[in-house]
Amino acid sequence: MPDNLFELVYRVVRRIPPGRVATYGQVARILGMPRGARTVGWALRALPDGSDVPWQRVVNARGAISFRPGGYAASVQQALLEEEGVVFEAGRIDLKVYGWAGLDPIEERTLRRT
DNA sequence: ATAATGACTGGGG
DNA sequence: ACCCCAGCCATTA
């Protein structure tokens, strides 16, 4: 298990497949921190440019992007997701359709190793 | 050690 | 369904 929280968050986010999205809270729960949604946000914010972590696949519980609406960052995230086939309607993603199912038990075990 | 700051959430109105 | 808000919690100042 990595010693720091950020690396743990990145490991989970790297498993979200293209074209699917997970919520901050969902990632937090997978890590055993049911109230740590905001902390997941902190970890992603700390990512350097050019990282291999698909940060764009993490959105808030309402299926919306959590950057200032209309801002540059928000438009970049939406564009990246749309390139993967994710559809936005009224500024939101239908999590029933694009939501990530999460790690299966086998993958979960792999995650905790190392 | 105290206080402020968010890429957040769930529930009440 | 939408808006508001108290609670949350690692990191910073």
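Structural notes, computed from the coordinates.

## Section: the protein's contact with DNA strand B
Phase 1: Lining the immediate surroundings of DNA strand B are 14 residues, of which Tyr 24, Arg 38, Trp 42, Ala 61 and Ser 66 lie closest.
Phase 2: Within 4 Å of the protein, atoms of DNA strand B come from sugar and phosphate in 43% of cases.
Phase 3: Between DNA strand B and Arg 38 there is a distance of 2.8 Å, counted from a base nitrogen to a side-chain nitrogen or oxygen.
Phase 4: In this structure, Leu 44 approaches DNA strand B through a main-chain N or O atom, which is 3.3 Å from a base nitrogen.
Phase 5: The set of elements that each furnish at least two residues to the surface near DNA strand B consists of α2 (24–30) and α3 (37–45).
Phase 6: The greatest single-element share of the surface near DNA strand B, amounting to 6 residues, is contributed by α3.
Phase 7: The class makeup of the residues in the surface near DNA strand B is 7 nonpolar, 5 polar and 2 charged.

## Some points on the protein's contact with DNA strand C
Phase 1: Neighbouring DNA strand C are Leu 5, Phe 6, Arg 35, Arg 38, Thr 39, Trp 42 and Arg 92.
Phase 2: The sugar-phosphate portion of DNA strand C accounts for 62% of its atoms within 4 Å of the protein, the bases making up the rest.
Phase 3: Take Arg 92: an N or O atom from its side chain is 2.9 Å from a phosphate oxygen of DNA strand C.
Phase 4: Among the elements of the structure, α1 (5–13) and α3 are those that each provide at least two residues to the surface near DNA strand C.

## Some details on the pattern of salt bridges
Phase 1: Summed over all chains, the structure comprises 4 salt bridges.
Phase 2: In this structure, Arg 57 and Glu 84 form a salt bridge, with 2.9 Å as the shortest nitrogen-oxygen distance. With Arg 57 in the loop between α3 and β2 (58–59) and Glu 84 in the loop between α4 (72–83) and β3 (88–89), this pair connects stretches of sequence that are 27 residues apart.
Phase 3: Salt bridges here are not isolated pairs; linked through shared partners, they connect Glu 7, Arg 14 and Asp 52.

## Some remarks on the packing of α1 against α3
Phase 1: At a minimum axis separation of 9 Å, α1 and α3 run at an interaxial angle of 90°. Considering the angle they form, α1 stands roughly perpendicular to α3. Note on element contacts: α3 touches α1 through Thr 39, Val 40, Trp 42, Ala 43 and Leu 44, opposite Leu 5, Phe 6, Val 9, Tyr 10 and Val 13.
Phase 2: The residue inventory of the contact of α1 with α3, partitioned by class, reads 9 nonpolar, 1 polar and no charged.

## What about the environment of Ala 101?
Phase 1: Within the secondary structure layout, Ala 101 lies in the loop between α5 (95–98) and α6 (105–112).
Phase 2: A C-alpha to C-alpha distance of 9.1 Å links Ala 101 and Ile 16, two positions 85 residues apart in sequence.

## Some remarks on the layout of surface pockets
Phase 1: By volume, the largest pocket is sized at about 580 Å³.
Phase 2: The set of elements that each furnish at least two residues to the lining of the largest pocket consists of α3 and α4.
Phase 3: No other element matches α3, which puts 6 residues into the lining of the largest pocket.
Phase 4: Taken together, the residues of the lining of the largest pocket sort by class into 13 nonpolar, 5 polar and 3 charged.

How each quantity is defined
- Residues numbered from 1 in each chain as written.
- Chains lettered and ligands numbered in written order.
- Predicted model: local features only at pLDDT ≥ 70, side-chain atom pairs only at ≥ 80, totals over all residues.
- Heavy atoms only, no water.
- Near = heavy atom within 4 Å.
- Polar contact = N/O pair within 3.5 Å; in protein donor to acceptor, adjacent residues only side chain to side chain.
- Helix = DSSP H or I, 4+ residues; strand = E, 2+ residues; numbered from the N terminus.
- Nonpolar A, V, L, I, M, F, W, Y, C, P; charged D, E, K, R; others polar.
- Salt bridge = Lys/Arg side-chain N within 4 Å of Asp/Glu carboxyl O.
- Axes fitted to C-alpha atoms, helices over the stretch in contact; angles between N-to-C directions.
- Parallel < 35°, antiparallel > 145°, perpendicular 65-115°, else oblique.
- Contact = heavy atoms within 4.5 Å.
- 1 Å grid on protein atoms, 1.4 Å probe; cavity = no way out; pocket = protein on both sides within 12 Å on 5 of 7 lines; lining within 4 Å.
- Points joined across faces, edges and corners; volume = space filled by probe spheres on them.

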